[in-house]
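# Residue-level structure breakdown
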Amino acid sequence: MNYYSLNHKAPHTTFKDAVIKGLAPDKGLYFPEQITPLSKEFFENIDKLSHTEIAFEAIKQFVSPEIPEDVLKTIVEETLSFDFPVVQLNENISTLELFHGPTMAFKDVGARFMARCLGYFNKSNDREVTVLVATSGDTGGAVANGFLGVKGVKVVILYPSGKVSDIQEKQLTTLGQNISALEVDGTFDDCQAMVKTAFLDEDLISRMQLTSANSINVARWLPQLFYFMFAYKQLHKKHDRLVFSVPSGNFGNICAGMMAQQLGLPIQHFIASNNANNVVTRYLISQLYEPKPSVQTISNAMDVGAPSNFIRIQEIYKNNFKALKENLSSYSFSDAETRAAMLDMYKSFNYVADPHGAVGYLGCKAYLKEHPKTHCVFLETAHPTKFLDIVEDVIKEEQPLPEQIQSVMGKDKVAENIQTYNDLKAYLLR
């Protein structure tokens with residue numbers, strides 16, 4: 001499979017080069033040249049397939065021929081070494097839990113898949129690769145864990161000071177080895193801008209090999225389509241009109257769901273559930289795409305004012321606003337509404353949700369008011385104890401810490417403070 005830049009001013013390239021480069025030379029995101037739908041028989045018989053078999057069939061066209069099938073099967077199997085259960089709350093709403101991996105966030109799958117792909121590509125390369133990543137919360141921990149100890153790979157994580165939870169900060173600042181953390185005086189958008197600037201700095205990239213582990217990288221983004229297939233496998237015999245409500249920040253997850261739909265997965269509709277950072281909600285009303293500086297919320301992983309992956313969504317729909325709007329709804333919710341939703345789920349269903357899942361739940365409720373005959377699945381993207389102070393304050397119930405969280409709590413934070421892109425460049429060139 002070859003990939004092209006969405007800015008259309010760079011040469012087409014292979015999966016390997018797209019993964020290693022992260023961003024195209026013309027600043028564009030990479031997108032696959034073609035999407036070949038899977039057979040109807042695949043979806044009819046999906047119940048008979050394991051998660052590994054489903055994922056292998058779904059992803060192989062996007063990575064061939066650079067990764068041999070036997071290697072890809074091993075990569076997929078190692079990536080998916082945990083569960084993806086669906087929990088039904090009532091007749092119309094279920095949640096897909098994506099927090100059963102090592103860092104208890106949905107980004108574990110993309111980070112683990114990308115780390116293994118890059119490790120395979122780099123096994124005979126003497127030149128060290130530096131993975132540069134910006135995080136609004138969960139990406140940093142997932143990437144740190146996924147790449148920990150990978151030969152020939154150094155990871156540098158940028159995160160906004162005071163704008164991630166204590167546990168999220170611990171997960172990205174305490175691992176050591178080949179993982180380094182930079183605490184940025186600013187927002188996630190500032191971190192993301194620094195990363196993008198680094199990829200365009202000719203002086204820097206002439207002196208080191210840089211790649212990104214944000215969802216701008218195709219190897220981080222595409223594996224997220226697995227989730228939607230796993231949910232379909234568990235629900236399609238009970239419900240024939242499935243709608244997915246996706247808590248959306250950088251829009252990589254929902255975009256991957258749309259790729260699953262392009263592969264033939266029978267998804268009825270998507271909901272982009274936003275917090276106060278609602279550029280896409282406003283776009284679907286006004287048809288004007290106007291990124292704005294991000295604002296801080298209790299669902300911090302969605303605090304993104306300029307979502308990188310929305311351009312990929314526009315590409316899927318060939319920039320046809322009407323076609324996009326027929327398949328995508330979007331709603332925006334306040335912190336007060338999010339807290340109320342967390343309490344509602346706890347009291348009504350005895351279900352403890354994190355703030356991001358609560359935003360997804362609100363998206364389901366809003367959509368179901370006008371479409372009551374559908375079954376809506378919201379993605380629970382992080383374990384609630386990653387936001388312990390907020391969760392316990394809302395439900396007034398102490399929560400036990402899972403083993404994955406306990407393992408980082410006693411460790412000391414190691415991070416260097418930076419303020420500007422020049423600070424980042426100087427750090428990278430040490």
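Residues numbered from 1 in each chain as written. Predicted model: local features only at pLDDT ≥ 70, side-chain atom pairs only at ≥ 80, totals over all residues. Heavy atoms only, no water.

### Describing the UniProt feature "domain: Tryptophan synthase beta chain-like PALP" (unreviewed entry) in the protein chain
Cross-referencing UniProt, the feature "domain: Tryptophan synthase beta chain-like PALP" (unreviewed entry) maps to residues 96–377 in the present numbering. Across residues 96–377, helical content stands at 45% and strand content at 16%; the span's end C-alpha atoms are separated by 7 Å. (UniProt positions renumbered as here; feature names shortened; annotations may be inferred. Helix = DSSP H or I, 4+ residues; strand = E, 2+ residues; numbered from the N terminus.)

### Some words on the environment of Glu69
If you trace the backbone, Glu69 turns up in helix α4 (residues 69–79). Here Glu69 is in contact with Phe56 and Lys60, once residues within four sequence places are set aside. (Contact = heavy atoms within 4.5 Å.)

### Concerning the pattern of salt bridges
Tallying each qualifying case throughout the model produces 11 salt bridges. Arg116 serves as the salt-bridge partner of Glu78, at 3.0 Å between the closest nitrogen and oxygen. Linking Glu78 in helix α4 with Arg116 in helix α5 (residues 107–121), this pair joins segments that are 38 residues apart in sequence. Glu78 sits in the partly exposed class, given a relative accessible area of 38%. A residue is classified by how much of its surface remains accessible, and Arg116, at 24% relative accessible area, is partly exposed. Where Lys413 meets Glu183, a salt bridge forms, and the shortest distance between an N and an O atom there is 2.9 Å. Of this pair, Lys413 sits in the loop between α19 (403–409) and β14 (416–418) while Glu183 sits in strand β8 (residues 179–184), and the two are 230 residues apart along the sequence. Take Lys413: its relative accessible area is 40%, and that puts it in the partly exposed class. (Salt bridge = Lys/Arg side-chain N within 4 Å of Asp/Glu carboxyl O. Buried < 20%, exposed > 50% of the residue type's maximum accessible area, 1.4 Å probe, protein only.)

### Brief notes about empty space enclosed by the protein
If you walk through the whole model with that rule in mind, you get 2 cavities of 30 Å³ or more. Size it by volume and the largest cavity reaches roughly 260 Å³. Taken together, 25 residues make up the lining of the largest cavity; nearest its centre are Phe106, Lys107, Gly249, Asn250 and Ala301. Of all the secondary structure elements, the ones that give two or more residues to the lining of the largest cavity are α6 (138–147), β10 (242–247) and α12 (252–262). Among the elements that take part in the lining of the largest cavity, α12 stands out by supplying 3 residues, more than any other. In the lining of the largest cavity, the residues fall into 10 nonpolar, 12 polar and 3 charged. In this structure, the second largest cavity spans a volume of roughly 40 Å³. In terms of residue count, the dominant contributor to the lining of the second largest cavity is helix α8 (residues 188–199) (3 residues). Each residue belonging to the lining of the second largest cavity can be placed in one class, and the counts come to 3 nonpolar, 2 polar and 1 charged. (1 Å grid on protein atoms, 1.4 Å probe; cavity = no way out; pocket = protein on both sides within 12 Å on 5 of 7 lines; lining within 4 Å. Points joined across faces, edges and corners; volume = space filled by probe spheres on them. Nonpolar A, V, L, I, M, F, W, Y, C, P; charged D, E, K, R; others polar.)

### A short note on the sheet that holds strand β9 (residues 209–212)
In space, the 5 strands of this open sheet follow the order β9-β6-β7-β8-β14, with parallel pairing throughout. Two strands close off the open sheet at either side, each with one partner strand: β9 and β14. Between one strand axis and the next, the sheet turns by 30° as a mean value, whatever way the strands run. Note that β8 and β14 share 3 bridges and pair parallel. In the sheet register, Val184 faces β14, and the bridge partner there is Ile418. Each of β6 (129–134), β7 (153–160) and β9 is contacted by α5, which is oriented at about 155° to β9, the strand it contacts most. (Pairing = 2+ DSSP bridges. Axes fitted to C-alpha atoms, helices over the stretch in contact; angles between N-to-C directions.)

### Things to note about the packing of aromatic side chains
Under the defined criterion, the tally for this structure stands at 21 aromatic pairs. Arranged with centres 5.1 Å apart and planes meeting at 50°, the rings of Phe84 and Phe230 form a pair that is tilted. Taken together, the residues span a long stretch of sequence, with Phe84 in the loop between α4 and β4 (86–88) and Phe230 in helix α11 (residues 225–235) at a distance of 146 residues. There is no split in this pair, since Phe84 and Phe230 are both buried. In textbook terms, an aromatic cluster arises when at least three aromatic residues are bridged by ring pairs, as seen for Phe82, Phe84, Phe106, Phe226, Tyr227 and Phe230. We note Lys73 situated over the ring of Phe56; from NZ or CZ to the ring centre the distance is 5.1 Å. Between the NZ or CZ atom of Arg312 and the centre of the ring of Trp221, over which it lies, the distance is 4.2 Å. (Phe/Tyr/Trp six-rings, centres within 6.5 Å; stacked < 30°, edge-to-face > 60°. Lys NZ or Arg CZ within 6 Å of the ring centre and 35° of its normal.)

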